[in-house]
Amino acid sequence: MSLTSCLFSLMGCNAQNAKFKTLGTDDFAKVIADTNVVVLDVRTAEEYQAGHIERAINIDVLEDDFEQKARAEIEEGKTVALYCRSGNRSKKAAAMLSEKYKVIELGTGYNGWVAANGK
């Protein structure tokens, strides 16, 4: 059983939606330690440039072609760990992508990540 599969089964109580999982910073960090997981920052390019989680690619969920760009960039069936600034936009992105990907969302967003990790 892969690390991702274990975390999906262990974190079932954190589900905000049957189609994706919402995790706190510690569990999110464990998931993204797996380099097979795609880390996706769904904030604006300006927010991304001001600071982001290591290995994150940036696709702005507020752009009309968000889903198109995500599908072009990310192989179908991959696990995608995504986040925004505070956890609102990421829930929208998670719902949009959960049909094609295994989606994990950082509930506290980048702000929570920075507060928990000091970076």
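Definitions and limits used
Counting restarts for each chain: residues are numbered from 1 in the order of the written sequence. pLDDT decides what is reported in this predicted model: residues at 70 or higher carry local features, side-chain atom pairs at 80 or more are listed and counted, and totals for whole chains, interfaces and linings draw on all residues regardless. Side-chain measures here rest on the full set of heavy atoms in the structure, leaving out hydrogens and waters. Each Phe, Tyr or Trp ring (for Trp, its six-membered ring) is paired with any other whose centre lies within 6.5 Å, and the angle between the two planes then decides the class: stacked below 30 degrees, edge-to-face above 60, tilted in between. The way it works is that DSSP assigns letters per residue, a run of H or I at least four long becomes a helix, a run of E at least two long becomes a strand, and they are numbered from the N terminus. Here's how the labels work: a residue is buried when its accessible area is under 20% of the maximum for its type, exposed when over 50%, partly exposed in between, all with a 1.4 Å probe on protein chains only. A positively charged side chain is recorded as over a ring if its NZ (Lys) or CZ (Arg) lies within 6 Å of the ring centre. The angle to the ring normal must also be within 35 degrees. The convention used is that axes are lines fitted to C-alpha atoms, helices contributing only their stretch in contact, and that angles between N-to-C directions extend from 0 to 180 degrees. Less than a right angle of anticlockwise turn of the near helix away from the far helix marks a crossing as left-handed, whereas a clockwise turn marks it as right-handed. The contact criterion used is simple: two residues touch if any of their non-hydrogen atoms lie within 4.5 Å. Residue type decides the class: Asp, Glu, Lys and Arg count as charged, Ala, Val, Leu, Ile, Met, Phe, Trp, Tyr, Cys and Pro as nonpolar, and the leftover types, Gly among them, as polar. Each angle gets one of four labels, with under 35 degrees taken as roughly parallel, over 145 as roughly antiparallel, 65 to 115 as roughly perpendicular, and the rest as oblique. Salt bridge criterion: a side-chain nitrogen from Lys or Arg within 4 Å of a carboxyl oxygen from Asp or Glu.

Q: Which parts of the structure should I look at to understand the packing of aromatic side chains?
A: Describing an aromatic ring pair means giving the distance of the ring centres and the angle of the ring planes. All told, the structure shown has 2 aromatic pairs when counted by the stated rule. For the pair phenylalanine 28 and tryptophan 113, a centre-to-centre distance of 6.0 Å together with 80° between the ring planes defines the contact as edge-to-face. Here the residue phenylalanine 28 occupies a position in helix 2 (residues 25-32), and tryptophan 113 occupies one in helix 6 (residues 109-117), the gap between them amounting to 85 residues. The class of tryptophan 113 is buried, set by a relative accessible area of 10%. Judged by centre distance (6.0 Å) and plane angle (25°), the rings of tyrosine 83 and tyrosine 110 are stacked. One end of the pair, tyrosine 83, is in strand 5 (residues 79-83); the other, tyrosine 110, is in helix 6, and 27 residues separate them in sequence. For tyrosine 83, a relative accessible area of 0% puts it in the buried group. For tyrosine 110, a relative accessible area of 13% translates into the label buried. Lying over the aromatic face of tyrosine 110, arginine 43 brings its terminal NZ or CZ to 4.4 Å of the ring centre.

Q: Would you mind showing me how to read the packing of helix 4 (residues 66-73) against helix 5 (residues 88-97) here?
A: Geometrically, a packed helix pair is captured by the angle between its two axes and the distance between the axes. Where helix 4 meets helix 5, the axes come as close as 11 Å, and the angle between the chain directions of the two elements is 65°. Where helix 4 crosses over helix 5, the handedness of that crossing is right-handed. Contact residues: helix 4 offers Phe66, Glu67 and Ala70, while helix 5 offers Ala93, Met96 and Leu97. Residue composition of the contact of helix 4 with helix 5, grouped by class: 5 nonpolar, no polar and 1 charged.

Q: Help me out: how do you make sense of the packing of helix 2 against helix 6 in this one?
A: At a minimum axis separation of 10 Å, helix 2 and helix 6 run at an interaxial angle of 95°. Between helix 2 and helix 6, the angle falls in the class roughly perpendicular. Note on element contacts: helix 6 touches helix 2 through Gly112, Trp113 and Ala116, opposite Thr25, Phe28, Ala29 and Ile32. Its residues placed into classes, the contact of helix 2 with helix 6 shows 5 nonpolar, 2 polar and no charged.

Q: So what exactly am I meant to see when it comes to unusual backbone geometry here?
A: Trans peptide bonds make up the majority, and among non-glycine residues the majority have a negative phi. We note that arginine 55 has phi near 75°; this positive angle belongs to a residue other than glycine. Among the secondary structure elements, arginine 55 is positioned in the loop between helix 3 (45-50) and strand 4 (57-58).

Q: Can you help me understand the pattern of salt bridges in this one?
A: Think of it this way: side chains of opposite charge can pair up when their charged atoms draw near. Following the criterion strictly, the structure yields 8 salt bridges and no others. Lysine 30 serves as the salt-bridge partner of aspartate 27, at 3.9 Å between the closest nitrogen and oxygen. Note that aspartate 27 and lysine 30 are positioned in helix 2 at a spacing of 3 residues, about one turn of the helix. Assessed through its relative accessible area of 17%, aspartate 27 is described here as buried. Where glutamate 105 meets lysine 91, a salt bridge forms, and the shortest distance between an N and an O atom there is 3.0 Å.

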